[in-house]
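# Commentary on secondary and tertiary structure
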Amino acid sequence: MRLSTLGKLALFGSVSVIATTAGQAQTAPAQPAVTIDENVIVVTGSQIQGAQINDVLPVTVLDELAIENTGASSGDELFRAIPQAGTVAFNEQNNSTQNSARGDVGSINLRDLGTGNTLLLINGRRMTLHPGFQTELLVPVVSSDTNEIAPGSVKRLEVLRDGASAIYGADAVAGVVNTVLKGGLTGGFLEGDMRLSDGTGLYNYSISGGLGFDFGGGRGNITLYGGYFHENGLAASKRDYAGEEDRRPLVAGTDFEDDASFNNRNTFGPFGQFDIQAPSSRTPIGDDDFYLQPSTFPNCAMDFGGGICARAGTTPTTAVRYNTNFGNNLISRKNRYNALALINYDLTDNLEAYFEGSYYRSENRRNIEASAILSAVPVGISRNAYYNPFGPTTRDGLPNPERLPGTTIAASGADIIMERYRFVDVGNRDVSVDKDTYRLVGGLRGNFGAWDFDTAFLYSEANTIDLARNRVSLTLMQQQINLTTPDAYNPFNGGCLDDPGQGDCTPNPQASIDPFRIDVFRKGGTSLALADFKISRDDLFTLPGGNLGVAGGIEWRRESFYDDRDPRLDGTITFTDSVTGEFNGSDVAGTSPSPDTSGNREVYSAFAELFVPLVSPEMDIPLVEAFNIQLAGRIERFTDIDETAAVPRIAASWTMFPGLTFRGAWSQGFRAPNLVQVNDAGTTRSNTRDDFVVCQAQVIKGQISGLGACPGAGVISFRSGSENLVPEDSTSINLGVVLEPEFIPGLTLTADFWRVKQTGLVGTFGDDNAIALDLLRRLNGSTNPNVVRLAATADDIALFDGTGLAPAGKIDFVIDDYLNLDSRTSKGLDFGLFYRVPDFGIGKFRLRLNAARLISFVQDAGPDGQEILDAVAAGDLPLDVTVGGLGELLEVEGRPKWRASGSINWDLGPVDIGLFGQYVGMVYDTSVVRDNLIVSDDPNANFFPVDDWFTMNFSIAYTIKNDTALDGTRLRFAINNLFDKDPPLADESYGFFSELHSARGRQFTVQLRKKF
């Protein structure tokens, strides 16, 4: 809600804490046992130092033992173990294109409310964003990189599972994750860790260490950490669900047996598809469009020699399509380096100086599919090209040996348009992404009188270099194909005859490939500068129910980013087809043009918070043991979009009697459009879309059976940002109960209901929806101006004659800018159990359970989308026209109903044993639809069900405790994914939802740690 609508409201709200006993994911600390004093923990959610407000809002706390239970070797794996974390959009199986956030990167998406709606903190202050961004529902989204956090350096994770814009500002709509680092170390440690994946050659190892010591007579401490991680990578062929894109054998015996959707082999392969620029009657093919295939395949129309023939048509048959996962890496080769320094020094008894410095580097390398041309950017092959099979009859006065006999094409030859082709003989794209991040924080904290304060300056910067080798320059490639000498590139020599989908058995000579093989880079960077001052007091004055706490603060921050594309992508070097004259802003085969982009913003903000204890136990009020209220509000000014946002928050906790507490909160939040959304100067994307207008004319003329048979074609869409975008608004409600029965000491049970409504979400309408809207409006006598068409040709006019529709030319492009469009309402339940079993002399037991139940996730349509939906419902548009991504999205493409994790730990003396389980519920893959539809009340019944997934980790550790040199040595053996559960099958690039599941399989871990 923006300030203009808040002027008459108090800017209040609430924040809160769940400390040790009420933490939903809380477990006891790792050995040696440490008692966590809730009075000295400021859990994420409040800025009031020392206030006793530990029961108001749900905060999941993972301490060192809980972190170790997850078996995580990276921040990404650690965050995935939190059931409320949602899908992970930034991951290495989901980032194969130049326009994705590639490399060794993870993201956070609490509640599935959208990447970029969760704020990540380190020691209470923001992390900078990862330099890369990618599209989510066609909109560029950004996130901090969870892999920058090394699990071994984390003392505690605090996850506030509720919107916190009132306290922390933009990006906290879904919640906050605060990473508390291990500081104050005295002594040191060295640790080595080796992991082997069962049945594969995949392995990783890490070496880490730390050293800490006091100085200045105990007034100061320096803690240093360092670590190195290496993983060798895994080929996609090592997993049967990942290496082969024809996954029909994997669904044999199911309702989806032989479903074509599970054959994802690509129509772009080494057996190309071409268009002869001559009448169809001039060749035995009988069509100007043809594609190549092995001569052993049916319907050969013309022999090309070498076991290859031509078949008429524009879409290669299933048997000739290409497996784009051939030669790919499923898991990348990677190195990670971490260094961290934490320093604090008491300048006086009331003033402490502190410093945090960290450096992170990741090096990532993997193979992905070979380059192909875009359907919207075909390439002309000159009639004089050496290997043109329909070239001139003579060359230099001699018969042309490459001219195929049996045609009536003119003696001068005919040009050819290459419409589908993959450069397999160039090799798989070899992509490396190197990233460097550093972070510096310097500050002062202490007190003056009864007031606590904390002030600091933070600067953090991240930079990436994405380098893709074995790319193809369109200009240089066309020049090489159109050479008139034998050293030209030959796109007519096919691939492998026994299996056209696996590699290229007839590669061109390297000398004809090298002239057009190029490296393509993408450089990106982000920075964050922040200065803040916070002040608080937990006893401003005394109320009948206790001390009133107050906090306030101001903050300034500057955020910036840049995205520097290769000159062949940013418009510096473009492609103009030398045969057809067609222009394309990108000179890189298979990648749409993308301009260089940059931007920055300054943000000024202020917040205030109150903790109001109204009733205390000493007041002896029946059924009201305690009643507390938290109020907070924040105002934030964004310079780049010239917007001011202000949000309130209010929450309360009511302890009916000792052991039973009810809690509730209402808050409003906001999220400013990210810098990419605001500053995108005009991104061009090529997608295969149905032109419903042309197809409707074809339906009326009886040329196709319906819009469902509409043949797709390449469509260019333009998306650009705008400083007219405004912050997205949200309203959150949380209601919960905490039960700590006195007759079962050590047991804590929690249950919480939450509901979030987001409005004004930044999105695009979608080029497919824009085309559907163009059809609807043309049926009513107007047009959609965002669908820009070429002038109608004579053929177009003839097609539309008698249809009742005005003649429409071919789509030139679609304008699809970022807008504040839709709204979304989601709600769910969280359940928690923590039980520290009393010690009966048989060791210490600790049980933990954290479960999340998503009840609904409803995406509402904007006005244009609703116009289409209403027209379909009224019968004005056929049912073939759909608006995707709307309505109830529970269990659709992610968003399972249930996610849970739990652990059991037992220790007796030097021995520790742990079990950790993680559950992800089933979802539906909407890209696979039953061939024979069934009638059901379940709207997802005809989609492919992706099974639920349960994995379990086991660990056993022994710590030497004696007076020898081995004292403090710990040996730990662990098995992650104990029962070697494969990720459930889905119709995705590598056969599974990488946003939800892992392909690592069973891993054996040996860890040795020595303290000194």
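Below: a short report on this structure. Along every chain, residues carry numbers that run from 1 in the direction the sequence is written. Under the rules for a predicted model, residues below a pLDDT of 70 receive no local features and side-chain atom pairs below 80 are neither given nor counted, while totals for whole chains, interfaces and linings still include all residues. Excluding hydrogens and water, the side-chain values take into account all heavy atoms of the structure.

## Brief notes about the overall build of the chain
Helices and strands together make up the secondary structure of the chain, namely 11 helices and 50 strands. Radius of gyration means the value over C-alpha atoms here, while the globule rule gives 2.2 Å times the residue count to the 0.38 power. Radius of gyration (C-alpha) of the chain: 31 Å, near the 31 Å computed for a compact globule of 1012 residues. Structurally, the chain occupies a C-alpha span of about 105 × 70 × 55 Å along its principal axes. Here a residue-residue contact requires only that any non-hydrogen atoms of the pair lie within 4.5 Å. At a minimum sequence separation of 6, the contacts of the chain that also span at least 24 residues come to 74%. All accessible areas in this document rest on Shrake-Rupley with a 1.4 Å probe, and a residue is counted as covered only by the protein chains that are shown. Only carbon and sulfur atoms are counted for the fraction: they give 56% of the accessible area of the chain, which is about 38300 Å². Across the chain, the mean location of the 83 positive side-chain charges is 3 Å away from that of the 126 negative side-chain charges. Numbering of helices and strands starts at the N terminus; helices are DSSP runs of H or I of at least 4 residues and strands are runs of E of at least 2. None of His or the chain ends enter the tally, which takes Lys and Arg as positive and Asp and Glu as negative. In this description, the location of a charge corresponds to atom NZ of lysine, CZ of arginine, CG of aspartate or CD of glutamate.

## Describing the side chain of Gln 1007
Within the secondary structure, Gln 1007 is located in strand S50 (residues 1003-1011). Partly exposed residues are those whose accessible area sits between 20% and 50% of the maximum for their type, while under 20% is buried and over 50% is exposed, using a 1.4 Å probe and protein chains only. Classification of Gln 1007 by relative accessible area gives buried; the value is 9%. Contacts described as polar in this section are N or O atom pairs within 3.5 Å, which, within protein, must combine one atom able to donate a hydrogen with one able to accept it, while residues neighboring in sequence count only if both atoms come from side chains. Among the polar contacts made by the side chain of Gln 1007, one reaches the side chain of Asp 193 at a distance of 3.1 Å. The contact partners of Gln 1007, leaving out residues within four places of it in the chain, are Glu 68, Glu 191, Gly 192, Asp 193, Arg 970, Leu 971 and Arg 972.

## Concerning the state of the cysteines
In this description, a disulfide is simply a cysteine sulfur pair whose atoms lie within 2.5 Å. All chains considered together, the criterion is met by 3 disulfides. Across the disulfide from Cys 300 sits Cys 309; the S-S distance is 2.0 Å. Its S-S torsion of approximately -60° makes the covalent link between Cys 300 and Cys 309 left-handed. A residue is classified by how much of its surface remains accessible, and Cys 300, at 35% relative accessible area, is partly exposed. Sulfur-sulfur distance for the disulfide between Cys 695 and Cys 710 comes to 1.9 Å. Where Cys 695 bonds to Cys 710 through sulfur, the torsion about that S-S bond is close to 70°, and the disulfide is right-handed. Pair noted here: Cys 695 is in helix H8 (residues 692-700) and Cys 710 is in the loop between H8 and strand S34 (713-719), with a separation of 15 residues, a long-range link.

## Quick notes on the nonpolar core
Membership of the largest hydrophobic core comes to 44 residues, with the highest contact counts inside it found for Phe 304, Met 418, Phe 423 and Met 477. Elements with a minimum of two residues in this core: strand S12 (273-276), strand S13 (289-294), strand S14 (302-305), strand S15 (308-312), strand S19 (379-381), strand S22 (416-420) and helix H5 (474-481). Once residues within four sequence positions are removed from consideration, Met 477 is found in contact with Ile 373, Val 379, Met 418, Phe 423, Val 472 and Phe 516. Here the nonpolar core consists of buried residues drawn from Ala, Val, Leu, Ile, Met, Phe, Trp, Tyr and Cys, with membership extended through side-chain atoms lying within 4.5 Å. Counting residues in hydrophobic clusters, the runner-up holds 31 residues, among them Phe 79, Ile 149, Val 177 and Leu 181.

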